[in-house]
Amino acid sequence: MKTTQKIAFMLFALVASATALLAKPIPGPKGGRILTTDSPHVEFFVEKDRTVTVSFYDKALKPIALSGQVVTATAEAKSGKVNLAFTEKNGALVSKAALPEGDDYTVVVQVRDNASAKPKNYRVLFHDEVCGECKRAEYACVCDDAGKGHDHEKKK
Ligand SMILES: [Zn+2]
């Protein structure tokens, strides 16, 4: 079991350092979360009906047209994992189904530049509430301390 624990710790350390690199979150133009650190940027946005819209942007956050990207997502909800398939709609990729009930679960978004490209995975911790500071959805919060496990319940 020791090795398993070691691996788990190493993975945790990796994730922690990767998070530290993302000092300033980029605000997604639709109000969603930018998953990428480099362009082309990928935005994860949850609509009011809880379907997910994935949009692509250039360096200046100007929308870029779809060119065969393939997106799938897995919502790791407490009630069980739900796989979401995406279809093209108004120049973006929209999930065919809505996110499962509740929040505070991870959504793994898999993006492929085209059908035969290597997939890139992005993890989003989905929180339904609105951040009191930046007024964005919590999963897309762009406050400076975002990602450091900031606690919005605590008042300064
Ligand atoms: Zn915020």
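To be clear, the structure that these remarks concern was listed above.
### A word on the overall build of the protein chain
Alright, step 1. Along its length, the protein chain carries one helix and eight strands.
Alright, step 2. Moving toward the C terminus, one meets the helices and strands of the protein chain in the order α-β-β-β-β-β-β-β-β.
Alright, step 3. Out of the 156 residues belonging to the protein chain, those deemed buried represent 22%.
Alright, step 4. Of the contacts made within the protein chain by residues no fewer than 6 positions apart, 40% connect residues no fewer than 24 positions apart.

### What about the nonpolar core?
Alright, step 1. Counting residues in hydrophobic clusters, the biggest one holds 24 residues, and the most contacted among them are Val52, Val54, Val71, Ala73 and Val109.
Alright, step 2. Listed by contribution, the elements that provide at least two residues to this core are strand S2 (41-46), strand S3 (51-57), strand S4 (70-77), strand S5 (80-89), strand S7 (105-112) and strand S8 (120-126).
Alright, step 3. The contacts of Val54, once residues within four sequence positions are left out, are Val42, Glu43, Phe44, Val71, Phe86, Ala92, Leu93 and Val109.

### Remarks on the sheet that holds S5
Alright, step 1. Spatial ordering of the open sheet is given by S1-S2-S3-S6-S5-S4-S7-S8, a layout of eight strands whose pairing is antiparallel. Across the chains shown, the open sheet's two edge strands, defined by having one partner strand only, are strand S1 (33-34) and S8.
Alright, step 2. Bridge count for S1 against S2 is two bridges, and the pairing is antiparallel. Bridging across to S2, Ile34 finds its partner in Glu43.

### Digging into the environment of Ala140
Alright, step 1. Positionally, Ala140 belongs in the segment after S8.
Alright, step 2. You can call Ala140 buried: it has 25 C-beta atoms within 10 Å.
Alright, step 3. As a C-alpha pair, Ala140 and Leu125 span 15 residues in sequence and 9.2 Å in three-dimensional space.

### Considerations on the environment of Ala73
Alright, step 1. By the secondary structure assignment, Ala73 is in strand S4.
Alright, step 2. Ala73 gets classed as buried once you count the C-beta atoms within 10 Å, which come to 24.
Alright, step 3. Ala73 sits 49 residues away from Tyr122 along the chain, and the two C-alpha atoms are 9.2 Å apart.
Alright, step 4. Filtering out sequence-adjacent residues up to four positions away, Ala73 remains in contact with Val52, Leu84, Ser95, Val107, Val108, Val109 and Gln110.

### Focus on the pairing of strand S6 (residues 92-98)
Alright, step 1. As judged from the three bridges shared by S3 and S6, these two strands associate in the antiparallel manner. Considered in S6, the bridge of Thr53 is made with Val94.
Alright, step 2. In the sheet, S5 pairs with S6 via four bridges, with the strands oriented antiparallel. Counted as the bridge partner of Lys89 is Ala92 from S6.
Alright, step 3. The antiparallel hairpin formed by S5 and S6 contains two residues in its connecting segment, where Asn90 sits at a positive phi of about 50°.

Reading the values: the criteria
Residues numbered from 1 in each chain as written. Predicted model: local features only at pLDDT ≥ 70, side-chain atom pairs only at ≥ 80, totals over all residues. Helix = DSSP H or I, 4+ residues; strand = E, 2+ residues; numbered from the N terminus. Buried ≥ 20, exposed ≤ 12 C-beta atoms within 10 Å, placed from the backbone. Contact = placed C-beta atoms within 7 Å. Core = buried A, V, L, I, M, F, W, Y, C linked by C-beta atoms within 7 Å. Pairing = 2+ DSSP bridges.

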